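Residues per chain are reported as follows:
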Amino acid sequence: MIDDINILLASMTLEEKASLCSGEDFWHLKSIERLNIPSIMVADGPHGLRKQPQEGDHVGLGESIKSTCFPTASATASSWDPELLFKIGEALGEECIQEDVSVILGPGANIKRSPLCGRNFEYISEDPYLTGKIGSALVKGVQSKGIGTSLKHFAFNNQEYRRMVTESVVDERTQREIYLPGFEEIVKTAQPWTVMCAYNMVDGFYCSDNKKLLTDILKEEWGHTGLVVTDWGACNDRVLGVKAGLELEMPSSGGINDKLIVEAVNNGTLDEKYLDKVVIRILELIQKSINTPKGKKFNTEEHNKLAREAASNSAVLLKNLNNTLPILKNSVPLVIGEFADKPRYQGAGSSLINPIKVTSFLDELNNQKIEHNYCKGYSIDTDEPKEDLIKEAVQKAKESSVVIIFAGLTDDYESEGFDRTHLGLPKSHTKLIKAISAVHKNIIVVLQNGAPVIMPWIDGVSGVLESYLGGQAGGAAIADIIFGDVNPSGKLAETFPLDLRDDLASEWFGMGPNSVEYRESVYVGYRYYDSAKKDVLFPFGHGLSYTSFEYSDIILGQQSITDNEEVDVTVTIKNIGKIPGAEIVQLYVKDNITTLFRPEKELKGFKKVYLEPNESKTITFTLNKRSFAYYNIDIKDWHVESGVFSILVGSSSRDIRLKSEINVASTKPDVIVPDLRELTPEYYNISSGNISDRTFETILCRPIPKRFRKKGEKFTINSTLGDVKKTFIGKKMYNSAYKAFLPPATDSVVIDPRMERMMKAMIEDLPIRSAMLFSGGKLSRTKVAGLIAFMNKNIFKGIYNILK
């Protein structure tokens, strides 16, 4: 294959090589008819296929073809079940084959730094180990069908606010220990055909220009064999990107950047060998894609069954006082909440799927002919409580033996393009639950949301089932659990705090406009809560079952090892209840005495075990150097500090059932372990929650970048439309972008309201360079330079560039 590609490369003109470096349109790569190089199609994912029909709009917003909507990543991560994710991946691959799509965009492996990120429903976990294992399984499943994936968003894209222009200010150790390992695991074990670079900057460079990220780490250190594609409109400096290891720019830039590549080669500022490397990887992607026959139909019913299985295995039983659940099918429950009838089953934004069918909870009750009563309780069209609906619900609750309330977050709370501002439910949901709990004690709350929420009403209800965004069959899956046809087995892949003020990272979340500081360092999620010994609503890894499990007999293969040796840890798990069930056994490692500040414990293994009543199984975990190591920035490598480590096995990060210890000796004893107690005392007493500038700069190893524009600072091509709209020219550009991205609805273009809000936020944060590229060639670089000159009141320069 490589020989053929090399022959093909030698036959190409410089202009043809450059042409392959950007898309043909919004979803297709370019073809070269002269050389029989076909165009291939990519499409949005990651929990379903979002493919637009050929006659759709040209900005990626309109209606998409029907496909199976599986639960979102925040849900499936809670299954802790790589085998399930592999099956979902296979199904996604089959749907791509039917629709002639070569690459599906996903999964998203960004760490949930804060529960406020508007796109957390699309990401896996706050923990990099779990992220890597779940993401790798999905990629393997998709690619087993000969369909490519696009691992995203690489990297440090952990908020939506000004994501296209902000610099993520992250120290190197935290990059390596928290934000990169998930990507690393997926790349090394699954080799995604493509990796999508993020919009933001890191270490002073946009991700699309970042050689350290795209070549030094991704290609050379991790051995990625696929290509790097931009997030849509993320290309900053196309020539610098080629040198840095960026292969494909999407979508089409109307030839603007292709010309820059040709000019750079011709004037000697770009060695053609860099371009050849880029083109080879693009041709390899096309070659792999055309090797997969397309058109075979998938079984819609089988995929719906899988979606139901995924939802039921991913739901997390958070509370079950006095075994309130499951309930009998003849108990005639009162169901309250419009989500029971019109469920929120997916997030909003580029991952918005047009489902083949949607089964609500009420639909499933009717399908099974389960007698029930229902009242609306609130309107999903407003946050404000409707007193008449609450009054009706309270009256009916008084007459019912058991009440099931459906609540959660509406699309106005979570989406690509904007972040949340608080962790509360809509006022109407909270007031409804409190009103019902004042007159009834046998209440089950079912939550439909993509990220953690606070629960000031928790003491007034008997049960809480977190269904997350459960996909098109989520309503049926909830019924399976409520009535005991399925024993819940999900566990949280993220911490639910008691209050937003308890979350350390959120103190610096949503910063801008120029930068966002990751001052919390490695203390993200449970790594912070457990280290600070801070109470939480529900801990990482928590989830209840209708049965009980007994942990026993932890045995280490060795009591002492060197860091280049592996050690097996075995434990026995027994189902001591009366029904079959699954337990997710979690292994954490703690460095008992450490010179460098480290979290209290870190997840280093997990296994989901299915057991019949009275059945026991012995399971084995294998630990290696990375299980005990921290990242040493002086040697640019992982290093183990010799000493004693605790091996902790349990049902959550706060429910440790078994403990043992092992002595690990470093094979590099001469390496100095950083002792920062005097320079960074706050990190050794993280419960204080205060990180000074001096402390952060110490671990950052450079001055903290400026967050704000200086007064009188000139606008540039990286200024956002929101930045420049106060100027006359900027306002015109803003309005033009608005019309281009949100055209009036027509028979062929129907803009979903959920997509509309995302796009409004994106237009506000869109840099001028991206607006230029999205124009498809209508805005040239010289014209844009002229417009920016006008905004900066440099009239003569503006006129010169416009005339030029």
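Up top you'll find the structure we're talking about.
None of the values given here were measured: they were computed from a predicted structure.

K.L.:
Give a description of the overall build of the protein that names residues and reports values.
P.N.:
What the protein contains, in helices and strands, is 26 helices and 27 strands. Its C-alpha atoms give the protein a radius of gyration of 27 Å, within 12% of the compact-globule value 28 Å for 804 residues. In terms of overall dimensions, the protein has a C-alpha envelope of 75 × 70 × 55 Å along the principal axes. The buried share of the protein, taken over its 804 residues, is 64%.

K.L.:
Residue-level account of the environment of N514, with values.
P.N.:
Structurally, the position occupied by N514 is in the loop between α16 (474-482) and β17 (515-517). N514 gets classed as partly exposed once you look at its relative accessible area, which sits at 25%. Spatially, the C-alpha atoms of N514 and R707 are 4.7 Å apart, while their sequence positions differ by 193 residues. A polar contact is formed between the side chain of N514 and the backbone oxygen of F708, at a distance of 3.4 Å.

K.L.:
Please set out helix α20 (residues 693-700) residue by residue, giving values where relevant.
P.N.:
Here α20 has its buried residues at T695, F696, I699 and L700. The arc enclosing the buried residues of α20, seen along the axis, measures out at 130°, which places them on a common side. Buried residues along α20 sit in contact with β5 (167-169), β17 and α19 (681-684). Positive phi shows up at C701, right after α20, with a value of about 65°.

K.L.:
With reference to specific residues and values, describe helix α25 (residues 781-791).
P.N.:
Within the span of α25, buried status applies to V784, G786, L787, I788, A789 and M791. In this structure, the buried residues of α25 make contact with α21 (721-724), α22 (728-741), α24 (768-774) and α26 (795-803). Trailing α25 by a residue or two, K793 shows a phi angle of about 65°, which is positive.

K.L.:
Can you explain the nonpolar core? Please cite residues and give values.
P.N.:
Ranked by size, the top nonpolar core spans 159 residues in total, and within it F154, F156, L213 and W232 carry the most contacts. Non-local contacts of F156, meaning those with residues more than four positions away in its chain, are made with N110, S168, V170, Q175, Y179, L180, N200, V202, L213 and Y518.

K.L.:
Can you break down unusual backbone geometry residue by residue, with the values?
P.N.:
Between G106 and the following residue, P107, the backbone shows a cis peptide bond with an omega angle of 5°. For the bond from M250 to P251, the omega torsion is -5°, close enough to zero to count as cis. Structurally, P251 can be placed in the loop between α9 (238-244) and α10 (256-266). Phi is positive for N323, which is not a glycine, with a value near 55°. Residue placement: N323 occurs in the loop between β10 (316-320) and β11 (334-336). Under the relative-accessibility criterion, N323 is labelled exposed at 63%.

K.L.:
How would you explain the environment of G471 if you had to name every residue and give the values?
P.N.:
Tracing the sequence through the fold places G471 in the loop between β16 (463-466) and α16. For the pair G471 and C375, spaced 96 residues apart in sequence, the C-alpha separation works out to 23 Å. Non-local contacts of G471, meaning those with residues more than four positions away in its chain, are made with C69, F70, P71 and Y345.

K.L.:
Talk me through the pattern of salt bridges; I want residue IDs and the actual numbers.
P.N.:
Under the definition given, this model contains 54 salt bridges. Put simply, E384 and K427 hold a salt bridge, and the shortest N to O gap is 3.8 Å. Here the residue E384 occupies a position in the loop between β13 (373-375) and α14 (387-398), and K427 occupies one in helix α15 (residues 427-437), the gap between them amounting to 43 residues. Residues D637 and K668 are paired through a salt bridge, measuring 3.6 Å at the closest nitrogen-oxygen approach. Of the two residues, D637 is situated in strand β25 (residues 637-639) and K668 in the loop between β27 (655-665) and α19; the sequence distance between them amounts to 31 residues.

K.L.:
Give a detailed account of the sheet that holds strand β14 (residues 403-408), specifying residues and quantitative values.
P.N.:
Taken together, the 6 strands give an open sheet; going across it, the order is β10-β16-β15-β14-β11-β13, and neighbouring strands pair in mixed fashion. Where the open sheet ends on each side, the last strands, each with one partner, are β10 and β13. The average undirected angle you get between the axes of adjacent strands in this sheet is 15°. Of the strands in this sheet, β11, β14 and β15 (443-448) touch α15, which is tilted by about 160° from β14.

K.L.:
Talk me through the sheet that holds strand β18 (residues 549-556); I want residue IDs and the actual numbers.
P.N.:
The strand order across the open sheet formed by 3 strands is β18-β20-β23, and the pairing between neighbours is antiparallel. Pairing within the sheet leaves two strands with one partner each, and these edge strands are β18 and β23 (616-623). Within the sheet, the average angular offset between the axes of one strand and its neighbour, ignoring direction, is 20°. Strand direction decides the pairing type here: β18 and strand β20 (residues 567-575), joined by 6 bridges, are antiparallel. Within the sheet, the bridge partner assigned to Y551 lies in β20 and is I573.

K.L.:
Kindly report on the side chain of K491, identifying the contributing residues and their values.
P.N.:
As for its position among the elements, K491 is in the loop between α16 and β17. Note on K491: relative accessible area 1%, which makes it buried. Side-chain polar atoms of K491 contact the backbone oxygen of G543, separated by 3.0 Å. In terms of polar contacts, K491 uses its side chain to reach the side chain of S651, at 2.9 Å. If sequence neighbours within four positions are ignored, K491 has contacts with S78, W80, V316, G541, H542, G543, E583, I584, Q586 and S651.

K.L.:
Can you explain the packing of aromatic side chains? Please cite residues and give values.
P.N.:
A ring pair, where both rings are aromatic, is described by two values, the distance of the centres and the angle of the planes. Applying the stated criterion across every chain, the model contains 20 aromatic pairs. Between the aromatic rings of W80 and F606, the centroid separation amounts to 5.2 Å while the plane-to-plane angle is 85°, which identifies the pairing as edge-to-face. Taken as a pair, W80 in the loop between α3 (73-76) and α4 (82-98) and F606 in strand β22 (residues 602-611) lie far apart in primary sequence, 526 residues in all. We note that W80, like F606, is buried.

K.L.:
So what's going on with the pairing of β15? Residues and values would help.
P.N.:
Most of β15 is tucked away: 6 of the 6 residues are buried. Burial of the side chains of β15 extends over both faces: I443, V445 and L447 are buried on one face and I444, V446 and Q448 on the other. Pairing between β14 and β15: 6 bridges, direction parallel. Within β15, the position partnered with I405 by the bridge is V445. With α15 bridging β14 and its parallel neighbour β15, the resulting β-α-β unit is right-handed. Sheet analysis places β15 next to β16, joined by 4 bridges and oriented parallel. When the bridges of β16 are listed, V445 appears paired with V464.

K.L.:
Quick rundown of the packing of α14 against α15? Include the residues and the values.
P.N.:
Where α14 meets α15, the axes come as close as 9 Å, and the angle between the chain directions of the two elements is 30°. Taken as axis vectors, α14 and α15 run roughly parallel relative to one another. α15 is crossed by α14, and the crossing has right-handed handedness. In this structure, α14 uses E387, I390, A393, V394 and A397 to contact α15, whose residues at the interface are K431, L432, A435 and I436. Of the residues assigned to the contact of α14 with α15, the class counts are 7 nonpolar, no polar and 2 charged.

Thresholds, definitions, all that
- Per-chain numbering applies: the sequence of each chain, read as written, is numbered from 1 onward.
- Reporting of local features is limited, given that this is a predicted model, to residues whose pLDDT is at least 70; pairs of side-chain atoms are given and counted only at 80 or more, and all residues count toward the totals for whole chains, interfaces and linings.
- Heavy atoms throughout the structure, all of them, feed into the side-chain values; hydrogens and water do not.
- Helix numbers and strand numbers start at the N terminus; a helix is a DSSP run of H or I with at least 4 residues, a strand a run of E with at least 2.
- Values of the radius of gyration come from C-alpha atoms, whereas the globule rule sets the reference at 2.2 Å times the count of residues to the power 0.38.
- Each residue is placed in one exposure class: buried if its accessible area under a 1.4 Å probe, protein chains only, is under 20% of its type's maximum, exposed if it is over 50%, and partly exposed if it falls in between.
- Counting of polar contacts relies on pairs of N or O atoms within 3.5 Å, with two restrictions inside protein: one atom must be capable of donating a hydrogen and the other of accepting it, and residues adjacent in sequence are counted only when both atoms are side-chain atoms.
- Our arc is simply the arc of the directions from the helix axis toward the C-beta atoms.
- Should any heavy atoms of two residues lie within 4.5 Å, those residues are considered in contact.
- Within this scheme, the nonpolar core is defined by two criteria: the residues are buried Ala, Val, Leu, Ile, Met, Phe, Trp, Tyr or Cys, and they are joined through side-chain atoms within 4.5 Å.
- The working definition used for a salt bridge is a side-chain nitrogen of Lys or Arg within 4 Å of a carboxyl oxygen of Asp or Glu.
- In this analysis, strands are considered paired if DSSP registers two or more bridges between them.
- Axes, fitted as lines to C-alpha atoms, cover a helix only where it is in contact. Angles between the N-to-C directions of the axes lie from 0 to 180 degrees.
- Paired rings are identified among Phe, Tyr and Trp, the last through its six-membered ring, by centres lying within 6.5 Å, and are further divided according to the angle between planes into stacked (under 30 degrees), edge-to-face (over 60) and tilted (the rest).
- Seen with its strands pointing away from the viewer, a crossover is right-handed if its path from the first strand over the helix to the second goes clockwise.
- Orientation is classified from the angle alone, with under 35 degrees giving roughly parallel, over 145 giving roughly antiparallel, 65 to 115 giving roughly perpendicular, and any other angle giving oblique.
- For any pair of crossing helices, the crossing counts as left-handed if the nearer helix is rotated counterclockwise from the farther one by less than a right angle, and right-handed if it is rotated clockwise.
- Residue polarity is assigned by list, with Asp, Glu, Lys and Arg as charged and Ala, Val, Leu, Ile, Met, Phe, Trp, Tyr, Cys and Pro as nonpolar; anything else, Gly included, falls into the polar class.

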